[in-house]
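# A closer look at the structure
So you can see what is in the structure, the chains are spelled out below.
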Amino acid sequence: MVILDLVERVGALPIGATVEVPLAPGDADLVRRWCERTGNELVAIGPDTAVVRRGRARDPVEDLPHDRRPGARLWLYTNFDCNLACDYCCARSSPRTPRRALGLDRVRRIIAEAAELTEVGEVFLTGGEPFLLPDLDQIVRACTDRFPTTLLTNGMLFRGRRLDLLRSMPRDRLTLQISLDSPAPDRHDRHRGQGSWNRAIAGIRIALDEGFRVRVAATIAPGEDSDADAFHTFLDALGIPLQDRVVRPVAQRGSAVEGVALTVDSLIPEVTVTDDGVYWHPVGADHLDQLVTRDIFPLSAAVEEIRRRFVEYRSSANAAAESFPCA
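A brief report on the enclosed structure follows. (Residues numbered from 1 in each chain as written. Predicted model: local features only at pLDDT ≥ 70, side-chain atom pairs only at ≥ 80, totals over all residues. Heavy atoms only, no water.)

Strands sit in the order β9-β8-β7-β6-β5-β4-β10-β11-β12 across an open sheet of nine strands; the sheet is mixed. The open sheet has two edge strands, β9 (245-249) and β12 (291-293), and neither has a second partner. Sheet twist, expressed as the average angle between the axes of neighbouring strands with direction ignored, equals 25°. (Pairing = 2+ DSSP bridges. Helix = DSSP H or I, 4+ residues; strand = E, 2+ residues; numbered from the N terminus. Axes fitted to C-alpha atoms, helices over the stretch in contact; angles between N-to-C directions.)

On to the environment of T175. As for its placement among the helices and strands, T175 is situated in strand β7 (residues 174-179). The exposure class of T175 is buried, given its relative accessible area of 7%. Between the alpha carbons of T175 and R245 there is a distance of 12 Å; along the sequence they are 70 residues apart. If near-sequence neighbours (up to four positions away) are discounted, T175 is found in contact with T149, T150, L151, R213 and R215. (Buried < 20%, exposed > 50% of the residue type's maximum accessible area, 1.4 Å probe, protein only. Contact = heavy atoms within 4.5 Å.)

Under the criterion given, the structure shown has 27 salt bridges. Close ionic contact of E270 with R68 constitutes a salt bridge, the shortest N to O distance being 3.2 Å. Pair noted here: E270 is in the loop between β9 and β10 (272-274) and R68 is in the loop between β3 (49-53) and β4 (73-77), with a separation of 202 residues, a long-range link. The class of E270 is buried, set by a relative accessible area of 6%. Owing to a relative accessible area of 27%, R68 belongs among the partly exposed residues under this scheme. (Salt bridge = Lys/Arg side-chain N within 4 Å of Asp/Glu carboxyl O.)

In this structure, L74, L76, L151, L180 and V273 are the most contacted members of the largest nonpolar core, which totals 64 residues. Each residue touching L180, except ones within four places of it in the same chain, is listed here: H188, W197, A200, I201, I204, V216, A217, A218, F231, F234 and L235. Counting 15 residues, the second-largest nonpolar core is a separate cluster that includes C82, C86, M156 and A221. (Core = buried A, V, L, I, M, F, W, Y, C linked by side-chain atoms within 4.5 Å.)

With that settled, the discussion passes to the layout of surface pockets. Counted as a void, the largest pocket has a volume near 1100 Å³. Lining the largest pocket we find 40 residues, and of these W75, L152, Q177, T219 and R248 sit closest to its centre. Those elements that provide at least two residues to the lining of the largest pocket are β4, β5 (122-126), β6 (149-153), β7, β8 (213-220) and β9. Reported here for the second largest pocket is a volume of approximately 260 Å³. Contributing to the lining of the second largest pocket are 15 residues, with E41, L42, V43, R56 and S315 lying nearest its centre. Broken down by secondary-structure element, the contributors of at least two residues to the lining of the second largest pocket are α2 (28-38), β2 (41-45) and α9 (299-322). For the lining of the second largest pocket, the per-class residue count stands at six nonpolar, two polar and seven charged. (1 Å grid on protein atoms, 1.4 Å probe; cavity = no way out; pocket = protein on both sides within 12 Å on 5 of 7 lines; lining within 4 Å. Points joined across faces, edges and corners; volume = space filled by probe spheres on them. Nonpolar A, V, L, I, M, F, W, Y, C, P; charged D, E, K, R; others polar.)

Let us now look at the packing of helix α3 (residues 104-114) against helix α4 (residues 136-144). Close contact between α3 and α4 brings their axes to 9 Å; oriented N to C, the two are set at 5°. With respect to α4, the axis of α3 lies roughly parallel. Of α4, the residues touching α3 (which contributes L104, V107, R108 and I111) are Q138, I139, A142 and C143. (Parallel < 35°, antiparallel > 145°, perpendicular 65-115°, else oblique.)

Two faces belong to every sheet, and in a regular strand the side chains alternate between them. Counting buried positions over the five residues of β5 gives four, a clear majority of the element. With five bridges joining them, β4 and β5 adopt parallel strand pairing. Considered in β5, the bridge of Y77 is made with T126. Read from β4 through α3 to β5, the crossover connection turns out right-handed. Inspection of the sheet shows β5 paired to β6 by three bridges, in the parallel sense. Residue pairing for β6: L125 is matched across the bridge by L151. The handedness of the β5 to β6 crossover, carried by α4, is right-handed. (Right-handed = clockwise from strand over helix to strand, strands pointing away.)

Moving on to the side chain of E224. By the element assignment, E224 lies in the loop between β8 and α8 (228-238). With relative accessibility at 11%, the residue E224 sits in the buried group. When neighbours within four sequence positions are excluded, E224 is seen to be in contact with R187, R190 and H191.

Another aspect to go through is unusual backbone geometry. G127 connects to G128 through a cis peptide bond whose omega is 10°. You can see G128 is positioned in the loop between β5 and α4. Geometrically, the link from F297 to P298 is a cis peptide bond, its omega value of -5° lying close to zero. Topologically, P298 is positioned in the loop between β12 and α9.

Structure representation (structure tokens):
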């Protein structure tokens, strides 16, 4: 009988260790109820076996810094169309990509609901290229009224009415994160288009002159990380402080044919909202394997589901590691 097997096998374990218990047809519900009543944790269950932990594991969320816990960072894909067609864009954005705008009304509702959640600490606005939107200033203000906000841009459109848009945005509680991949044009332009490096540099200087905090984000393709020292020296000269530099590898997502492979069980989730639902992480916001729910509202339900899945993934991974020693 499975209950006797559980008592014997789990009782012999140290606190926190796991054991695999064979199941007969109809045993699954018995195992669930036994774990609930005895204070042990059902880590995983299949048709023939269950993995049970003696006691309960520490919540993996508690081991993360507060600013990295699920829901702490809220990403909003304002649109998917872009003035560039970068060859490693995780969202597959380009001038030919349909707009797919989230829209001001939905942004306001999302932010209002986010303000009711204790988890949310900051907001990130990304695209596509957000400066293609004529009402971007209103979207930004809806966010900065409630949260510190980072606006991701390629920095290439700061002229005419879009420069006016930029100038109308608040300087406090807003950071502009501008993409720049290298200290010289060749590498940057190879991935983002001829002339894009010069225009990005001009955009960084305009944003700084206008009094904005500017963060520079570099995406480094495989085999292209040899000029890190030169890049940091260049950013020193631009006046970008060390804490406002983000360097990340290409993710094998979207348009990228090579890079770091990222899955939901290997990523710490960052709640990401697009026009068609809530996703696990911004790098996967155009991929069905990272879709959490089509229902944006209530936002609290999506955040709770992402937290639940994160705990489940981490608990299963830890149990697998414990059950497969090589020596």
